[in-house]
2 protein chains.
Amino acid sequence: MTDHMTRFTLEELETFAHDALVSGGTSAENAAPLAHAIMAAERDGIASHGLAYLPTYLEHVACGKVDGRAKPTVLAAGGVITVDAATGFAHPAISAGFNLLVDAARAGGIACLAVKNSYNAGVLGYHAERIASAGLLALCFTNAPASIAPFGGNKAVVGTNPMALGVPDGQGGCALLIDQSSSVVAKSELIKHARAGRSIPVGWALDAAGQPTDDPEAGLKGTMLPSGGYKGFGAGLIVEVFAALLTGATLGIDASPFSGPNGGPPKTGQFFIAIDPCATGGAQIASRLQRLTGAIDGQSGARKPGDRALLARRASLNEGVEVRADVVQKIKDLVENRI
Amino acid sequence: MTDHMTRFTLEELETFAHDALVSGGTSAENAAPLAHAIMAAERDGIASHGLAYLPTYLEHVACGKVDGRAKPTVLAAGGVITVDAATGFAHPAISAGFNLLVDAARAGGIACLAVKNSYNAGVLGYHAERIASAGLLALCFTNAPASIAPFGGNKAVVGTNPMALGVPDGQGGCALLIDQSSSVVAKSELIKHARAGRSIPVGWALDAAGQPTDDPEAGLKGTMLPSGGYKGFGAGLIVEVFAALLTGATLGIDASPFSGPNGGPPKTGQFFIAIDPCATGGAQIASRLQRLTGAIDGQSGARKPGDRALLARRASLNEGVEVRADVVQKIKDLVENRI
């Protein structure tokens, strides 16, 4: 541990996040699921969505970009659960429909949860893991303000739109977690490089004219490059159809930015599919998955999705986590209205 | 039209394919849905899955790799339809569960169709379009013999495993069709280049030692590169989980090849999800999709997925299609047992 870092146990970190959110005007009910997700991100080594994101949450509650006291409304019919997040945080909206989703999937073999009028869902894989831990296969989608142009174009049409898969291990856990965005890198990578005054590799972003650039500032004014060219854009479109078109949420081309105080609530959406493997012929899914992932693990140098997060988690559960001291201080200052 | 090409109306082509399949030992009931898919592939300019594939189908019926007279068995419970293709063609197995899938999705808002003990599903988007034309959002998966290695590895773990999305236009048609494999290019591209004695671009395939190669023969002995690196492999894994693990079908690492007479039936699988947009908050899906695709169409040089197939289809509906005369002759020879 260095002077620049603050160490927390996972419990301390979750409490710290929860209390900061409540001090900033979020209801305790809404703060709880968000604080848990923040803790989980730090635990899994995804610092960008841990405490480092909390100042943005606080600022967005303060400026009305997200309603910390929103009460999501839930409807259930057949295999479909719909939630209107009422411009509140995504996490409590998802939690509001979660048990109904699980019950419907167990009853009918497949069910879905559609969330609209929502906000940034944080780490999408977090939600996929939660569904998988209930013994159900999870496929999850969330959309974001447009940042990726179509193949051959230069105006953004879809966001970095991730898709996540969670596979149940049959013992209350998640055996395989895949969580991948449609872009080559996250937009936050460009911001990081811009702040550090470093150039970016060509292939990450295009400038506003649609030309390749190694200048992160130019990239931020332009568009993010999709992973795998037109297929990455296609993946982003698939996510957009689920998270925005099926739910009735705002399209990425119309959504206000996830950063900064302007534009009001983004009102983006999430879509979750939950499937009971025993209903579809997949009763042996856990042991058969081991054969599949064993074919990856058996190759030296090969890594399967989620491996890095699992390593980080193992360490965090033993030793807690270290968070940048300036991030912790910034949250304390915000809570005490010093900023 | 040149001497090397034979012109068909779409009806003639479907009848030709149907009669060839029946002459080769496939039941009329099983030949009908496959012949329709072959016609649709030619109509949409996807010659690789048109009549050019028919000799393989005939050879595979002859050697027992696919049972042309299989009778798929169907079970329905809640939102889940399962079909055992009984080592027959995928198309009749999918058709056997199709109406039940549509009915279940309309009743419960979401439903799925899981097919096992199946065979190559041909153009996956064909099935997605069929579901979308019933007014339902379609997400489809099919697995294939392993050909893509994990990031950092050199042994194949997943197939070129495509994923397809179909969005209903609300008027009995499909407004957007995305159909993309997990590899940079299809394996058939390597075969084409090998036959023509041409090198392939570096980035398409790795040789057996896991090194980049421009030799298509070396690539065919090695692995296909995933589109977008580890994210393409991740997409292939997602497809494998749905098409093989959820259905109880054979994993790509255990499946016999889709080409050649050896190894018996591949017993691979398909998984289809059908969702009623009106049940999930997407009643306005058709008009809102127009706004989304309009943002693509409005950019000169940008193309959205499926555009090329639609152009080909328009021409085919007016003028019929041209098929290589040697392909047509080969089918005639096979039917008359001259090969």
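Conventions we followed
- Residues numbered from 1 in each chain as written.
- Chains lettered and ligands numbered in written order.
- Predicted model: local features only at pLDDT ≥ 70, side-chain atom pairs only at ≥ 80, totals over all residues.
- Heavy atoms only, no water.
- Domains from an automatic or database assignment.
- Contact = heavy atoms within 4.5 Å.
- Salt bridge = Lys/Arg side-chain N within 4 Å of Asp/Glu carboxyl O.
- Polar contact = N/O pair within 3.5 Å; in protein donor to acceptor, adjacent residues only side chain to side chain.
- Nonpolar A, V, L, I, M, F, W, Y, C, P; charged D, E, K, R; others polar.
- Helix = DSSP H or I, 4+ residues; strand = E, 2+ residues; numbered from the N terminus.
- Buried < 20%, exposed > 50% of the residue type's maximum accessible area, 1.4 Å probe, protein only.
- Least-squares fit on C-alpha atoms with pLDDT ≥ 70 in both.
- Phe/Tyr/Trp six-rings, centres within 6.5 Å; stacked < 30°, edge-to-face > 60°.
- Axes fitted to C-alpha atoms, helices over the stretch in contact; angles between N-to-C directions.
- Parallel < 35°, antiparallel > 145°, perpendicular 65-115°, else oblique.
- Left-handed = near helix turned anticlockwise from the far one by under 90°.

With that out of the way, let us pick up the domain arrangement of chain A. Along its sequence, chain A is carved into domain 1 (1-63 + 309-339), domain 2 (70-183 + 226-305) and domain 3 (185-225). Taking only C-alpha atoms into account, the centre of domain 1 of chain A sits 28 Å from that of domain 3 of chain A.

What follows is about the interface of chain A and chain B. Interface extent is often summarised as the accessible area lost during association of the parts. On the side of chain B, 73 residues touch chain A, which itself brings 73 residues to the contact. At the boundary of chain A with chain B, the tally comes to two salt bridges. A salt bridge links Arg 291 of chain B to Asp 254 of chain A, with the nearest nitrogen and oxygen atoms 2.4 Å apart. Counting across the chain A and chain B interface gives 27 residue pairs in polar contact (both at pLDDT 80 or more). Its residues assigned to classes, the side of chain A that touches chain B comprises 43 nonpolar, 23 polar and seven charged.

Moving on, we come to the pattern of salt bridges. Opposite charge on two side chains permits them to pair, given that their charged atoms come into close proximity. According to the stated counting rule, one finds 18 salt bridges over all chains in the structure shown. Taking the shortest distance from any N to any O, the salt bridge between Arg 324 of chain A and Asp 326 of chain A comes out at 2.7 Å. Among the salt bridges present, the one from Glu 189 of chain B reaches Lys 192 of chain B, with a minimum N-O distance of 3.2 Å. Of this pair, Glu 189 of chain B and Lys 192 of chain B are both found in helix 6 (residues 187-196), three residues apart, which corresponds to roughly one turn of the helix. Note on Glu 189 of chain B: relative accessible area 24%, which makes it partly exposed.

All right, on to the relation of the copies chain A and chain B then. In the superposition of chain A on chain B (RMSD 0.0 Å, axial shift 0.0 Å), the rotation amounts to 180 degrees. Taken together, the rotation and translation relating the two chain copies correspond to the operation of a two-fold axis. Considering only C-alpha atoms, the part of chain A nearest the rotation axis is Gly 228 of chain A, at 1.8 Å.

Turning to the packing of aromatic side chains, a few remarks are in order. Tallied over the full model, the rule gives 18 aromatic pairs over all chains. Measuring from ring centre to ring centre gives 6.3 Å for Tyr 119 of chain A and Phe 258 of chain A, while their planes differ by 45 degrees; the resulting arrangement is tilted. Placement of Tyr 119 of chain A in the loop between strand 4 (110-118) and helix 5 (124-132) and of Phe 258 of chain A in the loop between helix 8 (230-245) and strand 10 (268-275) is noted, with a sequence separation of 139 residues between them. On the basis of relative accessibility, which here comes to 1%, the residue Tyr 119 of chain A falls in the buried class. With 5.5 Å between their ring centres and 85 degrees between their planes, Tyr 57 of chain B and Phe 89 of chain B make a pair best called edge-to-face. In this pair, Tyr 57 of chain B is assigned in helix 3 (residues 54-63) and Phe 89 of chain B in the loop between strand 3 (80-84) and helix 4 (90-108), connecting sequence segments 32 residues apart. The buried category is assigned to Tyr 57 of chain B, whose relative accessible area is 2%. With relative accessibility at 2%, the residue Phe 89 of chain B sits in the buried group.

Residue and element names in this part refer to chain A. Within the secondary structure, Thr 56 is located in helix 3 (residues 54-63). Along the sequence, Thr 56 and Pro 261 sit 205 residues apart, while their C-alpha atoms lie 9.0 Å from each other. Thr 56 has contacts with Tyr 119 and Phe 258, leaving out every residue within four places of it along the chain.

Residues and elements named next belong to chain B. Running from amino to carboxyl end, helix 1 (residues 10-23) crosses helix 3 at an angle of 20 degrees, the nearest separation of the two axes being 10 Å. Judged by the angle between their axes, helix 1 and helix 3 are roughly parallel. For the pair helix 1 and helix 3, the crossing hand works out as right-handed. Two secondary-structure elements touch here, helix 1 through Ala 17, Ala 20 and Leu 21 and helix 3 through Leu 54, Tyr 57 and Leu 58. When its residues are assigned to classes, the contact of helix 1 with helix 3 shows six nonpolar, no polar and no charged.

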